[in-house]
Amino acid sequence: MKKKKSFGQGTIISIYRFMEYCGLNCPKKENVLVSHKIMMRKLELRKGQFPEKIQVPKHIPFSKIKKEEVFNGTLFLVKDDYNQVLPYFLVRKFHYTEHISDEELAKKREDTLKNIQINSEEMSEGYKKYLYRKNFKELEEAKLAILKMLKEQRENPEPEVTVKITRYKRVNNRKYAY
């Protein structure tokens, strides 16, 4: 007989927690049991839709794993709703974010505000008046078009759809509806 490796109950995680680690938030439903096959299918389908957010894990046989890898967190022992435990290897992606101080953020904000002010100051007064009149004319034309459409609707109202009352057939002696 083969000697089974015991890892302890604290090292086994649920399939739902593991799917969260992979990037898929899947709440548990009482009437649906999720197996390892269903989990892999869900992850592969979502990987096709969101390739940068979802990670598909690799299944590893029990004979190739070591206790240290499980305790370090490089391998995960996952238990599904059918109480089957399988090991998976998940590549962790680390996103290095550069630390930006508050002073640098303030400088960036000031630079963008200066650029906005420069663009508005570069316009001449005549060009500003032209844009104002153009926008005003477009708004007036839109108002006139809406008023014209409302007037046409008052003159030619669309026929209203009435609800047809459905009638029920009688139930025969066996009390089955046809």
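Figured I'd write up the structure that's included with this text.

### Quick notes on the packing of aromatic side chains
So, step 1. Inspection of every chain in the model, using the stated rule, returns three aromatic pairs.
So, step 2. When the ring of F18 is compared with that of F76, the centres are 5.6 Å apart and the planes differ by 55°; the resulting orientation is tilted. Taken together, the residues F18 in helix α1 (residues 15-22) and F76 in strand β3 (residues 75-79) connect sequence positions 58 residues apart. For the residue pair F18 and F76, the accessibility class agrees, reading buried in each case.
So, step 3. Seen in terms of ring centroids, F18 and Y88 are 5.4 Å apart; in terms of plane orientation they differ by 25°. Their pairing is stacked. Here the residue F18 occupies a position in helix α1, and Y88 occupies one in strand β4 (residues 85-89), the gap between them amounting to 70 residues.
So, step 4. Given the relative accessible area of 0%, F18 is considered buried.
So, step 5. Here a set of aromatic residues connected by ring pairs shows up, and it is made of F18, Y21, F76 and Y88.

### A look at the nonpolar core
So, step 1. Grouped together as the largest cluster of nonpolar side chains are 18 residues, with contacts concentrated most on F18, M19, M39, V78 and Y88.
So, step 2. Looking at this core, the elements with two or more residues in it are α1, α2 (36-49), β3 and β4.
So, step 3. At five residues, the largest contribution of residues to this core is made by α1.
So, step 4. Residues contacting M39, with those up to four places away along its chain left out, are I15, F18, M19, V34 and Y88.
So, step 5. One finds I65, V70, L75 and L77 within the second-largest nonpolar core, a separate group that totals five residues.

### Some details on the pattern of salt bridges
So, step 1. Enumeration according to the criterion identifies one salt bridge in this entry.
So, step 2. Put simply, E140 and K143 hold a salt bridge, and the shortest N to O gap is 3.9 Å. Here E140 pairs with K143, and both are found in helix α5 (residues 125-155), just three residues apart, close to one helical turn.

### Regarding unusual backbone geometry
So, step 1. Look at N83: it is not a glycine, yet its phi comes out positive at around 60°.
So, step 2. Along the chain, the position of N83 falls in the loop between β3 and β4.
So, step 3. Take N83: its relative accessible area is 56%, and that puts it in the exposed class.

### As for the side chain of D81
So, step 1. On the secondary structure map, D81 appears in the loop between β3 and β4.
So, step 2. The buried charged residue D81 lacks any salt bridge partner; its closest oppositely charged side chain belongs to K28, at an N-O distance of 4.3 Å.
So, step 3. Within polar-contact distance, the side chain of D81 engages the side chain of Y16 at 2.6 Å.
So, step 4. Separated by 2.8 Å, the side chain of D81 and the backbone nitrogen of V34 make a polar contact.
So, step 5. If we skip the residues at most four places from it in the chain, D81 touches Y16, K28, V32, L33 and V34.

Scoring rules and cut-offs
- Residues numbered from 1 in each chain as written.
- Predicted model: local features only at pLDDT ≥ 70, side-chain atom pairs only at ≥ 80, totals over all residues.
- Heavy atoms only, no water.
- Phe/Tyr/Trp six-rings, centres within 6.5 Å; stacked < 30°, edge-to-face > 60°.
- Helix = DSSP H or I, 4+ residues; strand = E, 2+ residues; numbered from the N terminus.
- Buried < 20%, exposed > 50% of the residue type's maximum accessible area, 1.4 Å probe, protein only.
- Core = buried A, V, L, I, M, F, W, Y, C linked by side-chain atoms within 4.5 Å.
- Contact = heavy atoms within 4.5 Å.
- Salt bridge = Lys/Arg side-chain N within 4 Å of Asp/Glu carboxyl O.
- Lys, Arg positive; Asp, Glu negative; His and termini not counted.
- Polar contact = N/O pair within 3.5 Å; in protein donor to acceptor, adjacent residues only side chain to side chain.

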